[in-house]
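Chain by chain, the residues:
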Amino acid sequence: MSPWSTWIPAACLPDHCNCEAVHAAWIAQPSAFWSSGAYLIAWISLWLKRRQFSDGFHLWMTAFFILALASHFAHGSMTEVAMACDFGAICLLLLTPAGTRFRFSWGIPFLFVPLSIAFFGAAKSTKIGIALFVFAITLLEHGRTLRARLKEPGFKKAIALVSASFVLFIWDELKLHCEPGSWLQGHSLWHLGSAWAIAEYGRWRFGRET
């Protein structure tokens, strides 16, 4: 018996989610759930390698931790509220670096709630489109405020990793080669690659503070 059976199922169900089969169990998508642990590993590695901790780094790491939890929640339950939280957390993480320069930046993590509410009930294509739009805006903001640093290897590596991982994400979404019962899923590889990309970005973005 699934503990999520009384929850509103993800809007993408039954036929428009990613490739991995959804089980009526405590963990609905085992491969995607356990691969979400890559975010926690990356988060821990960033903490362990820091010697100094700025307010901006603390805020960004808070957003990163929220993303790690939301990804587990989304793939553990495959409920609509969990999927909304997942996309809300993605956008929160993307917006946090720019937001740390505002006077009331301590309030940034609280954006997670309205962002998640905004995603609730939206079609999967709409959620992905909004996340990509926020990503594009973030890149433009980096070009405006950090232009001199964008040619540094750390930033290029992070962009290359997230781009390659997103190709796997889309491959999985389109189900171009889909084995629902396999533990090797394109979406799970997206988790591994994007976690690596976030770790590289964190080292690049905040490394000069050490």
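Worth saying up front: this structure is predicted, and the values here are computed from it rather than measured. (Residues numbered from 1 in each chain as written. Predicted model: local features only at pLDDT ≥ 70, side-chain atom pairs only at ≥ 80, totals over all residues. Heavy atoms only, no water.)

Colleague: Which residues make up the side chain of Glu173, and what values go with them?
Modeller: Along the polypeptide, Glu173 turns up in helix 7 (residues 153–174). Side chain to side chain, Glu173 and Lys124 meet in a polar contact 2.9 Å long. Non-local contacts of Glu173, meaning those with residues more than four positions away in its chain, are made with Cys17, Asn18, Lys124, Ile128 and His187. (Helix = DSSP H or I, 4+ residues; strand = E, 2+ residues; numbered from the N terminus. Polar contact = N/O pair within 3.5 Å; in protein donor to acceptor, adjacent residues only side chain to side chain. Contact = heavy atoms within 4.5 Å.)

Colleague: How would you summarise the state of the cysteines if you had to cite specific residues and measurements?
Modeller: Summed over the entire model, instances satisfying the criterion amount to two disulfides. Across the disulfide, Cys12 is cross-linked to Cys17 (sulfur-sulfur distance 1.8 Å). Its S-S torsion of approximately 85° makes the covalent link between Cys12 and Cys17 right-handed. Residue class for Cys12 comes out buried when judged on its relative accessible area of 6%. Given the relative accessible area of 4%, Cys17 is considered buried. When the bonded cysteines of the protein are numbered from the N-terminus onward, they pair as 1-2, 3-4. Lacking any disulfide linkage, Cys85 is separated from the closest cysteine sulfur, that of Cys91, by 12 Å. Cys85 gets classed as buried once you look at its relative accessible area, which sits at 14%. (Disulfide = S-S within 2.5 Å. Buried < 20%, exposed > 50% of the residue type's maximum accessible area, 1.4 Å probe, protein only.)

Colleague: Go over the side chain of Ser36, please, and point to the residues and values.
Modeller: Looking at the element boundaries, Ser36 is found in the loop between helix 1 (30–35) and helix 2 (37–48). Overall, the relative accessible area of 0% leaves Ser36 in the buried class. Here Ser36 is in contact with Ser71, His72, His75 and His191, once residues within four sequence places are set aside.

Colleague: Could you give an account of the pattern of salt bridges, naming the residues involved and the relevant values?
Modeller: With the rule as written, the count across this model stands at five salt bridges. Salt-bridge contacts for Lys127 lead to Glu80; the nearest nitrogen and oxygen are separated by 2.9 Å. In this pair, Lys127 sits in helix 6 (residues 124–145) while Glu80 sits in helix 4 (residues 80–99), placing the two residues 47 residues apart along the sequence. The pair Lys127 / Glu80 is uniform in exposure class, with both members buried. In this structure, Glu173 engages Lys124 in a salt bridge whose closest nitrogen and oxygen atoms are separated by 2.9 Å. Of this pair, Glu173 sits in helix 7 while Lys124 sits in helix 6, and the two are 49 residues apart along the sequence. Taken as a pair, Glu173 and Lys124 share a single burial class, namely buried. (Salt bridge = Lys/Arg side-chain N within 4 Å of Asp/Glu carboxyl O.)

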